[in-house]
Amino acid sequence: MTDRKKTFLDVAESSVPRLELPANACDAHCHVFGPGEMFAYAPQRTYTPVDAPRETLFALHRQLGLARGVIVQASCHGTDNAALVDALAAGDGRYRGIAMVEPQVSDAELARLHAAGVRGVRFNFVSHLGNDAQFDNVRAIVSRIAPMGWHIVVHFDSDRLATLADFLRELPITIVIDHMGRPDASLGLNQAAFIKLAALVADDNKFWVKVSGCERVTREGPPYSDATPFARHLVELIPERVLWGTDFPHPNIRPPIPDDGALVDLIAEFATRPEQRQALLVDNPTRLYWND
């Protein structure tokens, strides 16, 4: 287990973006961590984050000009969604959630999470986060949540898509793919993993993609110029099924820690037209998360 010793969660360290966002813009991928004395971290976690409570997230969103958010449960909290639910309650309808649950989760617990604002379940297929989600467990959970109108979020290393694609195609549910499928920016748009991802999402409209994580995809570092072509390609390819998020507070990332204001400004590099930014930041998340 690794520990992060330096805290970097003072929102004053993030710049105020120059890009003017459309009204009701949404950060569709962010996290809350702890505080640990209130919301314990999972014993089986592979990393221990610095605390990033809801107050910090909300303050950051105000600074960035973001009106709404989707808070994604991270593996460091496991299937204990207490910090997530607490943040959703404090968000007064401006936030939705993506939970992590056990296959045997009760109907009562799913109903409680839905009432709190949860609209999906996340599954990890990423080496540094521990064991992959088991296909049978994914199927079991999907059968429970699909009738509720929920979706699933899948987070995978790019080389996993070759074995995941057929399995994902068979699932009868909307699927959101995290961080552009985590391609290696140094390999360019013609790398096999990204070609497979683009074909997958273009061929089946149940697939959505988050054009987030440029700071993870990059091999050059800030300002992430090697990563933006991937986001631009997806925005052009499936403009009605792309989402964007900060990934605040950027767990498990090598320094330098991203400036969230700069990440907002980066949107103009891959969603170059106002109508693209309106879809990416407002219309698409509204359709997926605030449709009830």
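Report follows, based on the coordinates. (Residues numbered from 1 in each chain as written. Predicted model: local features only at pLDDT ≥ 70, side-chain atom pairs only at ≥ 80, totals over all residues. Heavy atoms only, no water.)

## Details of the packing of helix H5 (residues 161-170) against helix H6 (residues 192-203)
How we decide: Every angle, taken between N-to-C directions, lies between 0 and 180 degrees, and every axis is a line fitted to C-alpha atoms, over only the stretch in contact when it is a helix. Helix numbering and strand numbering both begin at the N terminus, where a helix is a DSSP run of H or I of at least 4 residues and a strand a DSSP run of E of at least 2. In what follows, roughly perpendicular refers to angles from 65 to 115 degrees, roughly parallel to angles under 35, roughly antiparallel to angles over 145, and oblique to any angle outside these ranges. Contact criterion: two residues are considered in contact whenever any of their non-hydrogen atoms come within 4.5 Å of each other. Classification convention: Asp, Glu, Lys, Arg as charged; Ala, Val, Leu, Ile, Met, Phe, Trp, Tyr, Cys, Pro as nonpolar; all other residues, Gly among them, as polar.
Following both chains from N to C, one finds H5 and H6 inclined at 10 degrees, their axes separated by 10 Å at the closest point. In this view, H5 runs roughly parallel relative to H6, as classed from their interaxial angle. Contacts from Leu161, Ala162, Ala165 and Arg169 in H5 reach Ala193, Lys196, Leu197 and Leu200 in H6. Per-class residue counts for the contact of H5 with H6 are six nonpolar, no polar and two charged.

## Some details on the side chain of Gln73
We count it as follows: Polar contacts, as counted here, are pairs of nitrogen or oxygen atoms within 3.5 Å of one another; within protein the pair requires one atom able to donate a hydrogen and one able to accept it, and residues that are adjacent in sequence qualify only if both atoms are side-chain atoms.
You can see Gln73 is positioned in the loop between strand E4 (68-72) and helix H2 (82-90). At a separation of 2.9 Å, a polar atom in the side chain of Gln73 contacts the main-chain carbonyl oxygen of Gly78. When near neighbours in sequence (up to four residues on either side) are disregarded, Gln73 contacts Gly78, Thr79, Asp80, Asn81, Leu84, Ile98, Ala99, Met100 and Arg122.

## Some words on empty space enclosed by the protein
Applied cut-off: Here a cavity denotes grid points, spaced 1 Å and computed from the protein atoms alone, that fit a 1.4 Å probe unable to get out, and a pocket denotes an open set having protein on both sides within 12 Å along at least 5 of 7 lines; residues with an atom within 4 Å of a point are the lining. Grid points are joined across faces, edges and corners, and a volume is the space filled by probe spheres set on the points.
Overall, the coordinates contain three cavities of 30 Å³ or more when judged by the stated rule. Reported here for the largest cavity is a volume of approximately 130 Å³. Around the largest cavity, the lining comprises 15 residues; the ones closest to its centre are Arg122, Leu129, His155, Arg216 and Pro251. Here the lining of the largest cavity is built from residues that sort into four nonpolar, seven polar and four charged. Lining the second largest cavity are Val211, Ser212, Gly213, Cys214, Glu215, Trp244, Gly245, Thr246, Leu263, Leu266 and Phe270. Among the secondary structure elements, those contributing two or more residues to the lining of the second largest cavity are helix H7 (214-217) and helix H9 (260-270). If you tally residues by element for the lining of the second largest cavity, the top one is H9, at three residues. Grouping the amino acids of the lining of the second largest cavity by side-chain chemistry returns six nonpolar, four polar and one charged.

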